[in-house]
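Descriptive analysis of the structure
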Amino acid sequence: DTWELEIHSYLSYLRDRLLLARELLAESGSIFVQIGDESVHHVRELMNEIFGKENFQAQINFRSMSPLGHAGMAKIYDYIIWYNKNKDISKFHPIFIEQKVEEEPEFVYLDIGDGKFKKLDRAEVITLDKESKKKIFKRSDLHSSGYGRTCDFPIEFEKHTFECGKKSWRTHRDGMRTLVNANRLFILGKNLYFRQYHTDFPMMGLENSWSDTAAGFSDTKKYVVETNPKVIQRCILMVTDPG
């Protein structure tokens, strides 16, 4: 309501500042713009014009408030539009967050020792104690995405012979022998799989939807639009070098 020509005045104002920001950025730099859902599409078009659509990195939706006092469907997310000045040389360091085994539906097999296992339902996984959860694994395909001659061979396992078919295995003979000795293979149906335990890497790469960034009920804001420090921290960590 402060803009004489409404959205046209607002976008002209924003365009001048984005042009200046682009000049100030290092070639490997990034720019993040936080915006609500009312104008995100306008700002995205504006940044395409200024930074080039080829330098678009991501549009992140993040939870900015709790769903209290909303009429109709609650609108609790804001957006961060992320562009690079030059995507070819831009800096990016992925952020990993801990993933609980009960939140990952593929991890449903419990190692019960002596090479044996049993399949659990989700309710059973949730009720396991801490030590038992360390024995939870999922099946992982042993086939490679391509073909390598040194990884094309039959596997003898538990009195069965498995051929790799049109795709080769993910490792060579010595590697497969190591997996057998480490009790990392198992048969499910007619196929041979790798046992991938949740404890092998209980992390997941941060995606472009952040649901853990809303301010707490006790947090007071000085401004209507005020960014949670966690959001700023993540942006900085992703695009700057350690130290």
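This report concerns the structure included in the present document. Counting of residues starts from 1 at the beginning of each chain's written sequence and follows it residue by residue. Residues qualify for local features only when their pLDDT is at least 70, as the model is predicted, and side-chain atom pairs are given and counted only at 80 or more; totals for whole chains, interfaces and linings, by contrast, use all residues. Computation of side-chain values: all heavy atoms of the structure, hydrogens and water removed.

Concerning the pattern of salt bridges
What counts, and what does not: The salt bridge criterion pairs a side-chain nitrogen of Lys or Arg with a carboxyl oxygen of Asp or Glu, the two atoms within 4 Å. Going along the chain from the N terminus, every DSSP run of H or I of four or more residues is numbered as a helix, and every run of E of two or more is numbered as a strand. Only protein chains enter the area calculation, which uses a 1.4 Å probe; residues under 20% of their type maximum are buried, those over 50% are exposed, and those in between are partly exposed.
Counted by the stated rule, this structure contains twelve salt bridges. A salt bridge links arginine 15 to glutamate 49; its shortest N-O distance comes to 3.1 Å. Highlighted residues: arginine 15 in helix H1 (residues 7-24) and glutamate 49 in helix H2 (residues 40-51), separated in sequence by 34 residues. Looking at arginine 15, the relative accessible area reads 33%, which means it is partly exposed. Note that lysine 133 is salt-bridged to glutamate 102, the shortest N-O span being 3.3 Å.

A short note on helix H5 (residues 173-181)
In an α-helix there are 3.6 residues to a turn, and that puts residues three or four apart on one side. Definition in use: Read the arc as the range of directions from the helix axis to the C-beta atoms.
Three or more residues of H5 are buried, namely Gly175, Met176 and Leu179. When H5 is viewed along its axis, its buried side chains cluster within an angular range of 100 degrees and face the same direction. Phi turns positive, to about 60 degrees, at asparagine 183, one or two residues after H5.

Examining the sheet that holds strand S1 (residues 30-35)
In any sheet, the strands associate via hydrogen bonds between backbone groups, in a parallel or an antiparallel arrangement. Put simply, the test is: The pairing criterion is simple: DSSP has to find at least two bridges between the two strands.
Strand order across the open sheet formed by four strands is S1-S3-S2-S13, with mixed pairing between neighbours. Every interior strand has two partners, whereas the edge strands, S1 and strand S13 (209-210), have only one. Relative to strand S3 (residues 77-84), strand S2 (residues 56-63) is paired through seven bridges, and the arrangement is antiparallel. What sits directly across from phenylalanine 56, in S3, is tyrosine 83.

Some details on the side chain of arginine 195
What counts here: Between N or O atoms, a polar contact is any pair within 3.5 Å; within protein, one atom must be a potential hydrogen donor and the other a potential acceptor, and residues adjacent in sequence are included only when both atoms are from side chains. Contacts are assigned to residue pairs that have any heavy atoms within 4.5 Å of one another.
Here arginine 195 lies in strand S11 (residues 191-197). With a relative accessible area of 0%, arginine 195 lands in the buried category. Here the side chain of arginine 195 touches glycine 115 through a polar contact of 2.8 Å, landing on its backbone oxygen. Apart from the residues within four sequence positions on either side, arginine 195 is in contact with Asp111, Gly115, Lys116, Phe117, Phe137, Lys138, Asn183, Arg184, Leu185, Phe186 and Asp200.

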